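Letter by letter, the chains look like this.
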2 protein chains.
Amino acid sequence: MSAPLAAIDVHSHVYPGRYMSLLRARDTVPRIVARGGQDRMLILPGEDADSSTSVGRPIGSEYWDPARKIAFMDRHAIAVSVISPANPWLDFLADAGPVATEINEDMETLCAASGGRLYGLGLLPIRDPAASAAELGRIAGLPHLRGAVIGTTGAGKGLDDPALDQVWAAAERHGLMIFVHPHYGLGNEALAGYGHATLLALGFPFETTAAITRLILGGAFDRFPGLRMMVAHAGGVLPYLAARLDACVAGDAHSPVRLRHEPSSYLRGLYFDAIGYQAATLAMLMSLVGVERIMFGTDHPFFPPHVENAELDSTEWHSPAVHRAVLRELGPQAEIAILNGNAKAILCIDLST
Amino acid sequence: MSAPLAAIDVHSHVYPGRYMSLLRARDTVPRIVARGGQDRMLILPGEDADSSTSVGRPIGSEYWDPARKIAFMDRHAIAVSVISPANPWLDFLADAGPVATEINEDMETLCAASGGRLYGLGLLPIRDPAASAAELGRIAGLPHLRGAVIGTTGAGKGLDDPALDQVWAAAERHGLMIFVHPHYGLGNEALAGYGHATLLALGFPFETTAAITRLILGGAFDRFPGLRMMVAHAGGVLPYLAARLDACVAGDAHSPVRLRHEPSSYLRGLYFDAIGYQAATLAMLMSLVGVERIMFGTDHPFFPPHVENAELDSTEWHSPAVHRAVLRELGPQAEIAILNGNAKAILCIDLST
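Turning our attention to the overall build of chain A. When helices and strands are tallied, chain A shows 13 helices and eleven strands. Residues classed as buried in chain A amount to 65% of the 353 residues present. Taking all contacts inside chain A whose residues are at least 6 apart in sequence as the whole, residues at least 24 apart take part in 72%. When the accessible area of chain A is evaluated, it comes to approximately 11300 Å², of which 53% is carbon and sulfur surface.

As C-alpha cells, this is what we get:
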C-alpha cells in the first residue's frame, strides 16, 4: 500500500558529497571504507571492531544522488522531502564551523535545483555553540532550508548544557526547526548479542528519550518557549512514559527540577515524525500531543539498514501505519494533516510548484 | 477518585521481616541504615555515595506490617493484593537458596493469616538457577503463592542466559507466574542530574524493556511456550517499540535472531500490570496485547518514593488511568477485567472469602 496522498516526508536523509569526502579521508569511525568493490559506511559505535563481512552498511548513490531520492519519492507519492544530513553529522569535529557552512550551502544548492521537490535541514558545528548559533543565522538566509538536525550530545555535555542556550535562542529568533535525532544509542551494553537490531530498535529511542527529557527538565522550554523542536521516531519512548515522568518528578521531595509546568506538558509543545511502525504507537502519540504536531516521515534511505541487494523501502511500514492510526483515532479527514498538511504549515512548504 | 470496584492489586510490595534483618546486617548497598532516628533504605545503585540528607528512602512499617497494607487496601477498595518482595530481592547473594526458602515460607504465613486479603509471589535465589528451579517447586506447594518475582540480571548474564532455561522450565511445569521487575536502571549515566526521578521514570522501563527483549530474541518463549510472565510498569516501553523491533530484526540481513514468529508476537503472550500512569499508555497497551492480559497494580508502598511526611498513595494515579483508558478503548464493561477479572482468572484468586 502506498501513500494515498501526495505526502511530505520530513525525515529523509542524505550524505552530501562534501560529507562523503570527509568520511573517506578518515581512518577512525565515522568513516567510509572500500570493501569487496563496495563502499561501506562505519558510523555506529564499535562498528570498526566488527570483523564480520557485515561490518558497516553498503553505501551507494541512494545516499547522495537527488535523482534517486526523487525516484523513491515518485514511487511512493511523496511530493516533497525535507532532507537532512544523516548521523553522526559533525559531532566528531571540534572546529566544524567552516565545513558546516559549506555543507549547508551544498544542501541549499541541491534543494534549489530540485524543482520544488526538496527542502532541507542543515547541520551545525554543534561542539562550538557560538559557531552553531551563527550558522543558524546563515541557514535562515538560505531559502530552501528550514532548520537544522542535531544529535543528542551537544557540545559534549548533553542538550541541557547551558552553553547551548545561545543555539536555542538563535533557533527561536529565526523560527527555525531543530530536529533531534539519535546516533549513539543508550544502554547498548544491555542490548548486545542480537546484531544492530536492538541498538536501532531500542538504544536509539532510549537515547532520544533521555536527551529530550534532559532538555525539558533542564528548563530549556521555559527559557525558550518559542523553540521549535522535532523529535525523531515518534518521540523515542517519552510519550509512553510521559505521565510516569510527571509522577516521578512530583514524587521526589528532593527534586532539583524547577519548571513552570508539568514535564509532560512540554512534550505537547514539540513536533514529531510519524515513524512509529505501527498504528497503535501513532494513535497513542496523536491522543497525547494532538494530530497537528505529527508529520509523515520515512527515514529513507536508511531503513532497513542492513539488507543487501534489496530495495530499501521503509515507506512500506510508515504510510499504512499512519493510515490505520488516523482511521482508528480521528477519522479519515486527519490523514492529510499528518501526510502533508502539518508539514506545509509548520515548515512553510509550498506544494503548488 | 478511588477504585469503583473491589480491585485486585497485582503489583504491591513488601520487605518481609527476615529480609529487613538481612539488610540491617549489611554494610554495603543494599542495606538499611539508621539516620536521624529513622531507618533509611539504600537500594539504588550509587545511593550510598549520596551525602545529602535525602539519601535512600525512609522505611517504616508500611513496608512489612500486613495491617498497614490492608488499611491501604481498604482505603482504595482493593479486595486482594498479590504481594511480592521488593527489589533488589536476593540478587546480591550468591548462595541464597536457604534464605529464599525461609522468606517464601514467611510470605505464605503472612498471606495465610490475612483472611483472604493477601496472596503472594515468592523470591528466588536467582544467581543459582538450579536452586531457583527447586525453589519454584517449593513455591508451587505453598497455597497462597502464585509464582515469583525476579530482576533482570538473572545469574549475572541477563535473562537470556541458557543457564536460566531450567528456571523457565520449572515455572512452566508448575504453572507459576514469573514477575519481571526492574531495579538497576539502564542508561543511568545519561539520566543523571535530576534526582532519582529520571532513573525511576526512564531507567527502570529501559531496563525492563532490554531484559524482556533479550528473553524474546533469545528464544525463551519458543522453548517454553507455556511460560507465564508478567512485565512491570505496563511493559516498560516495549509496547511502544514493538513494531520497530520487528522491523529492525527483519531488516538486518545478518541477524543472529532465529524465532518462529515476529518478536512482537511474543509480547502479546505476556501479562502486564496497568501501571502506566496515564490513560493513553494503557489504551495503547490494550490495543496491542488485549485487555485480558492487563491487571491492576499500584506499586504500593513505593510510589512516590521520596515524599516524606506524606501519605504514599500511588492509587491516585492508577485507578483513574485505568478507568479512563478502558472507557476510551473498550467501554465500561472492560474495566472489571483489568481491576479484578483478569487477576482472578490468571492468578487463581478467590474473591469470595
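Counting residues at the interface gives 66 residues for chain B, matched by 67 residues for chain A. For the pair chain B and chain A, the summed buried surface comes to about 5400 Å²; carbon and sulfur atoms form 65% of the total. Ranking the residues of chain B by area buried against chain A places Tyr194, Tyr240 and Arg244 of chain B at the top, with a combined share of 18%. Linking chain B to chain A there are zero salt bridges. Scanning the region where chain B abuts chain A turns up 19 residue pairs in polar contact (both at pLDDT 80 or more). Looking at the side of chain B that touches chain A, the elements that each hand over two or more residues are helix H6 (197-217), helix H8 (232-235), helix H9 (238-250), helix H11 (279-289) and helix H12 (315-329) of chain B. A total of 13 residues in the side of chain B that touches chain A trace back to one element, the largest contributor, which is H6 of chain B.

All right, on to the pattern of salt bridges then. Residue and element names in this part refer to chain A. All chains considered together, the criterion is met by 16 salt bridges over all chains. Across the pair Glu102 and Arg18 runs a salt bridge whose closest N-O atoms are separated by 3.5 Å. One end of the pair, Glu102, is in helix H3 (residues 97-112); the other, Arg18, is in helix H1 (residues 17-24), and 84 residues separate them in sequence. On the basis of relative accessible area, Glu102 is assigned to the partly exposed category, the value being 35%. Where Arg117 meets Asp74, a salt bridge forms, and the shortest distance between an N and an O atom there is 2.8 Å. One end of the pair, Arg117, is in the loop between H3 and strand S6 (118-123); the other, Asp74, is in helix H2 (residues 66-75), and 43 residues separate them in sequence. Connected via shared salt-bridge partners are Arg18, Glu102 and Asp106.

Note on the identical chains: chain B maps onto chain A by a rotation of 180 degrees and an axial translation of 0.0 Å, with an RMSD of 0.0 Å. Both copies of the chain, as the preceding transformation shows, are related through a two-fold rotation axis. Taking C-alpha positions as reference, the residue of chain B nearest the rotation axis is Gly187 of chain B, located at 2.4 Å.

Once that is clear, we can look at the sheet that holds strand S5 (residues 78-85) of chain B. Residue and element names in this part refer to chain B. Reading across from one edge, S1-S5-S6-S7-S8-S9-S10-S11 is the order of the eight strands in this open sheet, with parallel pairing throughout. What marks the edges here is a single partner per strand, and that holds for strand S1 (7-14) and strand S11 (294-295). Inspection of the sheet shows S1 paired to S5 by six bridges, in the parallel sense. Residue pairing in the sheet places Ile8 in a bridge with Val80 of S5.

Let us look at the environment of Ile103 of chain A. Residues and elements named next belong to chain A. With respect to the helices and strands, Ile103 occurs in helix H3. Distance from Ile103 to Leu123, taken between C-alpha atoms, is 7.8 Å for residues 20 residues apart in sequence. For Ile103, the contacting residues outside a window of four places in its chain are Pro16, Arg18, Tyr19 and Leu123.

With that out of the way, let us pick up the packing of aromatic side chains. For the structure on display, the rule yields eight aromatic pairs over all chains. Ring centres of Tyr15 of chain A and Tyr19 of chain A lie 5.5 Å apart, and the angle between their planes is 10 degrees; this geometry places the pair in the stacked category. Its relative accessible area of 0% is what places Tyr19 of chain A among the buried residues. Clustering of aromatic rings is evident, with ring pairs tying together Tyr15, Tyr19, Tyr63 and Phe92 of chain A. One Lys or Arg, Arg293 of chain B, reaches over the ring of Tyr271 of chain B and ends 4.7 Å from the middle of that ring.

Here Ala148 of chain A shows up in strand S7 (residues 145-150). Between the C-alpha atoms of Ala148 of chain A and Leu241 of chain A, which are 93 residues apart in sequence, the distance is 27 Å.

Right, let's get into the nonpolar core. Ranked by internal contacts, the top residues of the largest apolar core, which has 245 residues, are Trp168 of chain A together with Trp168 of chain B. Trp168 of chain B has contacts with Ile150, Leu159, Ile178, Leu215, Ala220, Phe224, Leu227 and Met229 of chain B, leaving out every residue within four places of it along the chain.

To continue, consider H1 of chain A. Residues and elements named next belong to chain A. Listed in full, the buried residues belonging to H1 are Tyr19, Met20 and Leu23. Viewed end-on, H1 has its buried residues packed into an arc of 100 degrees, placing them on one side of the element. Elements in contact with the buried residues of H1: strand S2 (31-35), strand S3 (38-42) and H3.

With that settled, consider the sheet that holds strand S1 (residues 7-14) of chain A. Residues and elements named next belong to chain A. Strand order in the open sheet formed by eight strands is S1-S5-S6-S7-S8-S9-S10-S11, with parallel pairing between adjacent strands. The open sheet has two edge strands with one neighbour each: S1 and strand S11 (294-295). Across four bridges, strand S8 (residues 177-180) lies against strand S9 (residues 228-231) in parallel orientation. Note that in S9 the partner of Met177 across the bridge is Arg228.

Next up on the list: unusual backbone geometry. With an omega of 5 degrees, the peptide bond between Asn87 of chain B and Pro88 of chain B qualifies as cis. Structurally, Pro88 of chain B is set in the loop between S5 and helix H3 (97-112). Of the consecutive residues His300 of chain B and Pro301 of chain B, the connecting peptide bond is found in the cis state with omega at 0 degrees. Structurally, Pro301 of chain B is set in the loop between S11 and H12. Although it is not a glycine, Ala234 of chain A sits at a positive phi angle of roughly 55 degrees. By the secondary structure assignment, Ala234 of chain A is in helix H8 (residues 232-235). At Asp299 of chain B, a position not held by glycine, the phi torsion is positive, near 70 degrees.

With that settled, consider the side chain of Thr281 of chain A. Considering the arrangement of structural elements, one finds Thr281 of chain A in helix H11 (residues 279-289). If we skip the residues at most four places from it in the chain, Thr281 of chain A touches Ala234 and Gly276 of chain A together with Pro239, Tyr240 and Met284 of chain B.

What counts as what
- Residues numbered from 1 in each chain as written.
- Chains lettered and ligands numbered in written order.
- Predicted model: local features only at pLDDT ≥ 70, side-chain atom pairs only at ≥ 80, totals over all residues.
- Heavy atoms only, no water.
- Helix = DSSP H or I, 4+ residues; strand = E, 2+ residues; numbered from the N terminus.
- Buried < 20%, exposed > 50% of the residue type's maximum accessible area, 1.4 Å probe, protein only.
- Contact = heavy atoms within 4.5 Å.
- Areas by Shrake-Rupley, 256 points an atom, 1.4 Å probe, with all protein chains shown as cover.
- Buried area = accessible area lost by both parts, 1.4 Å probe.
- Salt bridge = Lys/Arg side-chain N within 4 Å of Asp/Glu carboxyl O.
- Polar contact = N/O pair within 3.5 Å; in protein donor to acceptor, adjacent residues only side chain to side chain.
- Least-squares fit on C-alpha atoms with pLDDT ≥ 70 in both.
- Pairing = 2+ DSSP bridges.
- Phe/Tyr/Trp six-rings, centres within 6.5 Å; stacked < 30°, edge-to-face > 60°.
- Lys NZ or Arg CZ within 6 Å of the ring centre and 35° of its normal.
- Core = buried A, V, L, I, M, F, W, Y, C linked by side-chain atoms within 4.5 Å.
- Arc of directions from axis to C-beta.

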